Amino acid sequence: VEWTAIVRENSITLRSTPAARGFMRLMAAINTGSFDEIYNYIKREFCHEILSSHDVQDLTNYCMTVYNETKGLAIHKVFLSEEFVIMVVMKPRNQDGVLFLDKLKVSTSRPFKVTEYAHQEFNPANYGV
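Below is a short write-up of the structure. Worth saying up front: this structure is predicted, and the values here are computed from it rather than measured.

### Structural notes on the sheet that holds strand E1 (residues 73-81)
Strand pairs in the sheet, formed through backbone hydrogen bonds, run parallel or antiparallel to each other.
Here is step 1: An order of E1-E2-E3-E4 is seen for the 4 strands of this open sheet, with the pairing classed as antiparallel. At either margin of the open sheet sits one strand with a lone partner, and together these are E1 and strand E4 (114-122). Going from strand to strand, the sheet's axes swing by 20° on average, the running direction of each strand aside.
Here is step 2: Across 8 bridges, the pairing between strand E3 (residues 99-106) and E4 is antiparallel. Its bridge partner being in E4, Val106 is matched across the sheet by Val114.
Here is step 3: Together, E1, strand E2 (85-92), E3 and E4 form the strand contacts of helix H5 (residues 56-70), whose direction differs from that of E4 by roughly 30°.

### Some thoughts on the packing of aromatic side chains
Ring pairs (aromatic) are described by centroid distance and by the angle formed between their planes.
Here is step 1: Following the criterion strictly, the structure yields 5 aromatic pairs and no others.
Here is step 2: Measuring from centroid to centroid gives 6.1 Å for Tyr41 and Phe46, while their planes differ by 85°, and the two rings are edge-to-face. Phe46 carries the same exposure label as Tyr41, and that label is buried.
Here is step 3: For the pair Phe79 and Phe122, a centre-to-centre distance of 6.1 Å together with 70° between the ring planes defines the contact as edge-to-face. Of the two residues, Phe79 sits in strand E1 while Phe122 sits in strand E4, which places them 43 residues apart along the sequence.
Here is step 4: For Phe79, a relative accessible area of 31% puts it in the partly exposed group.
Here is step 5: Residue Phe122 is classed as buried on the basis of its relative accessible area of 6%.

### Points about the pattern of salt bridges
Here is step 1: Tallying each qualifying case throughout the model produces 4 salt bridges.
Here is step 2: A salt bridge links Arg44 to Glu45; the nearest nitrogen and oxygen atoms lie 3.4 Å apart.
Here is step 3: Using a relative accessible area of 46% as the deciding quantity, one classes Arg44 as partly exposed.
Here is step 4: Between Lys103 and Glu116 there is a salt bridge; the shortest N-O distance is 3.4 Å. Placement of Lys103 in strand E3 and of Glu116 in strand E4 is noted, with a sequence separation of 13 residues between them.
Here is step 5: Taking relative accessible area as the criterion, Glu116 reaches 28% and is therefore assigned partly exposed.
Here is step 6: One connected set of salt bridges, linked through shared partners, spans Arg25, Arg44 and Glu45.

### Regarding the packing of helix H2 (residues 18-32) against helix H3 (residues 35-45)
Here is step 1: The N-to-C vectors of H2 and H3 enclose an angle of 155°; their axes lie 8 Å apart at closest approach. As summarised for this structure, H2 and H3 are arranged roughly antiparallel, according to the angle between their axes. Contacts between H2 and H3 pair Gly22, Arg25, Leu26, Ala29, Ile30 and Thr32 from the former with Glu37, Ile38, Tyr41 and Glu45 from the latter.
Here is step 2: Here the residues of the contact of H2 with H3 are counted per class, giving 5 nonpolar, 2 polar and 3 charged.

### Some words on the side chain of Ser107
Here is step 1: On the secondary structure map, Ser107 appears in the loop between E3 and E4.
Here is step 2: Only 3.2 Å separates the side chain of Ser107 from the backbone oxygen of Ser109, close enough to count as a polar contact.
Here is step 3: In this structure Ser107 touches Phe84, Phe112, Lys113 and Thr115, once residues within four positions along its chain are discounted.

About the cut-offs
Numbers given for residues are sequential positions, taken from 1 along each chain in its written order. Local features in a predicted model are, by the rule used here, given only for residues with pLDDT of at least 70; side-chain atom pairs are given and counted only at 80 or more, and totals for whole chains, interfaces and linings are based on all residues. Calculation of side-chain values draws on the structure's entire complement of heavy atoms; hydrogens and water are dropped beforehand. Two strands form a pair only when DSSP identifies at least two bridges running between them. Here a strand is any run of E in DSSP of at least two residues, a helix any run of H or I of at least four, and the numbering for each starts at the N terminus. Whenever a helix is involved, its axis is fitted only over the stretch in contact; in every case the axis is a line through C-alpha atoms, and angles between N-to-C directions fall within 0 to 180 degrees. Whether two residues are in contact is decided by their heavy atoms: any pair within 4.5 Å suffices. Ring geometry is summarised as follows: Phe, Tyr and Trp rings, the Trp one being its six-membered ring, pair when their centres sit within 6.5 Å, and such pairs are stacked at plane angles under 30 degrees, edge-to-face over 60 and tilted between the two. Exposure categories follow from relative accessible area, calculated using a 1.4 Å probe and restricted to protein chains: below 20% of the type maximum is buried, above 50% is exposed, and the middle band is partly exposed. The salt bridge definition used is simple: a Lys or Arg side-chain nitrogen within 4 Å of an Asp or Glu carboxyl oxygen. The labels follow the angle: roughly parallel below 35 degrees, roughly antiparallel above 145, roughly perpendicular from 65 to 115, and oblique for the rest. The residue classification treats Ala, Val, Leu, Ile, Met, Phe, Trp, Tyr, Cys and Pro as nonpolar and Asp, Glu, Lys and Arg as charged. All others, Gly included, are polar. In protein, a polar contact requires one atom able to donate a hydrogen and another able to accept it; more generally it is a pair of N or O atoms within 3.5 Å, and residues adjacent in sequence count only if both atoms are side-chain atoms.

So, in structure tokens, the structure goes:
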């Protein structure tokens, strides 16, 4: 997956941090719409704690649901960008007016494995945005 193209497209809004790099790799995998790409990303990038308590197939199905409801995501606005956590307002490729808030956390030491990913509908009025 060529995640650097996505980073270039959104480079004005993202700092290069472990969380941002992990997030962009996840978005690149999800945006392929490929079960295998997403599955391989999760097996490679998610931390042992998540993988020991959640089935990789279930996690992949969740990400496929994200893809199926959006046909891919693009950055609308960076809500929070820190070293090990990022929250980004995303816009779907197939709908106007609907926004999502995606959150990704990574571990605080190398190799910066994903410790949390959440995707939910975003209502700017609820956040004072």
